Amino acid sequence: MSSPTRNRVLGHLDYVGLLQPAIHKETHAPYPDEVTNEQYRAYTRAAHDVGGERDVPISWEEKEEEVWEHNTFVTCEVLAWRGVWNAEERRRRQNVDVGQTQYLGLPYYGRWLLTAALILVDKQFVTLTELHDKIDEVKKRYE
Amino acid sequence: MSKNHKAAPMVDEVSEFEILELAVRELAIEKGLFTAEDHQQWTEYMHTLGPLPAARLVAKAWLDPEYKKLCVKDGVKASLEVGIDWVNQMPTKFGTPSDYCNLRVLEDTPKLKHVVVCTLCSCYPRPILGQSPEWYRTPNYRRRLVRWPRQVLAEFGLQLPEDVEVRVEDSNQKSRFIVLPVRPEGTEGWSEDQLTEIVTRDCLIGVAMPKPGKTANDVRHIRPAVNPYGH
Amino acid sequence: MSKPNYDLEHHVKKATGIGDPQCFKDEAGEAKFKVGDKVRVKDLPDVFYTRTQAYTRGATAIVAELVYESPPAEDEAWDNCDNPEWFYSLIFRQKDLWPEYPDTFAGDTLETELPERWLESA
C-alpha cells in the first residue's frame, strides 16, 4: 500500500534513526603512540572484507543499469581480454586500493570506472595530463 | 528570489561518471589498447547471457541422476550440455576475465540448503546465469549472509527447518557457484521445459526454492536508472 | 623515467583454449592437505591485499575438496603468476565462526576456498 502519507511516515522512520547523540574523535594524523594495534589493523584493513560485520535489514532491490555502467563493465573486461590487466589486479585496485572512504562513498560501478581510468595512467599507456585533457574535452561537448 | 528564477534540475544533465566513461573508452581506443569492435563484440557476448542455461542444467539434473552426478563432479563439462562453454564461448577463448572457468554446482538435499554470496566483491557465474542482481552486490548482503544466513533468507521469504543444514558458500576465489535445489513436490511427470520454467535466478543463487507455478523471482522494487541501458 | 614493457599477450598465450585456472594445472606440486583433513586458518600478515577473510582467521575447518591450482590472489593481484598453490574448499561450522550462532542451528556450515599458504594442520 503506497500513498504520500505512507511514504512520508516510512521515510520518517528511516530518518529518525539518524538522529543520535555521538562523541566524535577526529583524527588529523595522530602520533604513533596514539594508535593501538587494533586501530592499525582497522585503518590498514582491506576495505572489501566485510563478511560478518553488523548491518541492519534493508529492502532488497533490483536496479536498472545505466548506459555508462554497462559500458564500464565491458571496458573493464575488454581491458583484461587485451592483456592490460587481469581481473584480480582490477579487484585489488577497485575494492581495496580505493580506500575505505571511496569504498563505501562511491557507487559500485563508480569504483570500476575510476579504477579503469587509473590503470591506463599507472601502466603509462596514458599520462595523467592526457586523461585530464580528455575529460575536459569530453565535458566541453556537453556545454 | 525572483519570479523568473528557474529551479535547478534534480539531476545534472550529464554526470561525471558518463563523462569519465567516455573519456576512458576513447583514450583506450586511441592508444590501441582495444578497438571499438572489441567493445562491441563483448557487449554482444553479454547480450547472450541470462539465467536460462543454469535453469535448464537443474531441470536436466532432476530428470537424469547420471547428469546430476556430472554436474557435481564437473560443472564445466555439465555446462556444455546446456550450451555453455566456460572456456571458448566468449571472445577471449580463455573464459571471461572476471568469471574464470570453474563452475561448481552445489547440490541441495532435503537436509542441506546452499546459498551463495561473495563477501569480498560480487563474484557471480555470469556465463551461465547472466548479470548479478543489485542486492547481491550490496555491502549489506555481503556483511550479513555469512553470519545471519537464516535471518537474511527469511527476509527473502525462505525459512528452513532446524534439521536442515544451511550452508553459506562464500565465493571468494576462482570458483563460481550455482545451487541445484531439491526438486519440489507436485512436479511428477513434468517435462524438462516445464521444470526449467520454475528454476528462477533467485533459486540458483539459493535465496528461493522452486515451486510449481512460480516462474519468476519475487517482485521487488526496481531502482530506475537516469539513462537506462536497454537492449 | 623509462616506460615499462608489458607483455600484453602472456595470459592469452598461457590460457587460450585451456581456461583459467586450468592453465595452472600441475604447477603447484604436491598438495600438503587432503580431503577430510582438519586445518586451521592462520592469521598471517595481510597488509595491502588478501582474499582470506578476516572472519576465517584462527578458525578450524575440514577440507572438502582440492579445487584447483592457481597463483594466490595476493600474487595475482600484481600479475605475479610464477608460484601457483593448491586451493582448498573448506567447510567451517558456523558455531566455530560466530559466538552468538544459536545451538538450535548447530548443524549450519559455511564453505569457502583458500590457498595452501593460509592453512596449517589442526
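Residues numbered from 1 in each chain as written. Chains lettered and ligands numbered in written order. Predicted model: local features only at pLDDT ≥ 70, side-chain atom pairs only at ≥ 80, totals over all residues.

With respect to the overall build of chain A
Counting its secondary structure elements, chain A contains seven helices and one strand. Starting at the N terminus and ending at the C terminus, chain A contains elements arranged as α-α-β-α-α-α-α-α. Its C-alpha radius of gyration of 20 Å places chain A more than 25% over the 15 Å reference for a compact globule of 143 residues. A sequence separation of at least 24 residues applies to 60% of the contacts in chain A between residues at least 6 apart. (Helix = DSSP H or I, 4+ residues; strand = E, 2+ residues; numbered from the N terminus. Rg over C-alpha atoms; globule rule 2.2 N^0.38 Å. Contact = placed C-beta atoms within 7 Å.)

What about the interface of chain A and chain C?
Facing 15 residues of chain A, the contacting portion of chain C comprises 19 residues. The residue makeup of the side of chain A that touches chain C, split by class, is three nonpolar, six polar and six charged. (Nonpolar A, V, L, I, M, F, W, Y, C, P; charged D, E, K, R; others polar.)

Topic: the environment of Leu110(C)
All names here are of chain C. Considering the arrangement of structural elements, one finds Leu110 in strand 4 (residues 109-115). Overall, Leu110 belongs to the buried group, with 28 C-beta atoms counted inside 10 Å. The sequence separation of Leu110 and His10 amounts to 100 residues, and the corresponding C-alpha distance is 36 Å. (Buried ≥ 20, exposed ≤ 12 C-beta atoms within 10 Å, placed from the backbone.)

Re unusual backbone geometry
Residue and element names in this part refer to chain C. With an omega of 20 degrees, the peptide bond running from Asp20 to Pro21 counts as cis. Summarising the element assignment, Pro21 is placed in the loop between helix 1 (10-15) and strand 1 (38-41). Located in the positive-phi region is Asp79, a residue other than glycine, with phi close to 60 degrees. Along the chain, Asp79 turns up in the loop between helix 2 (73-76) and strand 3 (85-93).

Considering the environment of Ile91(C)
Residues and elements named next belong to chain C. By the element assignment, Ile91 lies in strand 3. Linking Ile91 and Gly36, residues 55 residues apart in sequence, is a C-alpha distance of 9.9 Å. Ile91 has contacts with Ala61, Ile62, Ala64, Thr109 and Glu111, leaving out every residue within four places of it along the chain.

A look at the sheet that holds strand 2 (residues 60-70) of chain C
Strand order in the open sheet formed by seven strands is 2(B)-3(B)-4(C)-3(C)-2(C)-1(C)-5(C), and the pairing between neighbours is mixed. Edge positions in the open sheet fall to strand 2 (112-117) of chain B together with strand 5 (119-121) of chain C, since each of these has one partner strand only. On average, each strand axis in the sheet is tilted by 35 degrees relative to the strand beside it, whichever way the strands run. Judged from the three bridges that link them, strand 1 of chain C and strand 5 of chain C form a sheet pairing that is antiparallel. (Pairing = 2+ DSSP bridges. Axes fitted to C-alpha atoms, helices over the stretch in contact; angles between N-to-C directions.)

Details of the domain arrangement of chain B
What the domain assignment reports for chain B is domain 1 (17-46) and domain 2 (51-205). On a C-alpha basis, the centroid separation for the pair domain 1 of chain B and domain 2 of chain B is 31 Å. (Domains from an automatic or database assignment.)

Focus on the interface of chain A and chain B
Each partner contributes to the interface: chain A provides 52 residues, whereas chain B provides 54 residues. For the side of chain A that touches chain B, the element with the most residues is helix 3 (residues 67-81) of chain A, which contributes 13 residues. Considering only residue class, the side of chain A that touches chain B consists of 25 nonpolar, 11 polar and 16 charged. In terms of strand pairing, strand 1 (residues 62-63) of chain A meets strand 5 (residues 222-223) of chain B through two bridges, oriented parallel. Counterpart to Glu62(A) in the pairing with strand 5 of chain B is Ile222(B).

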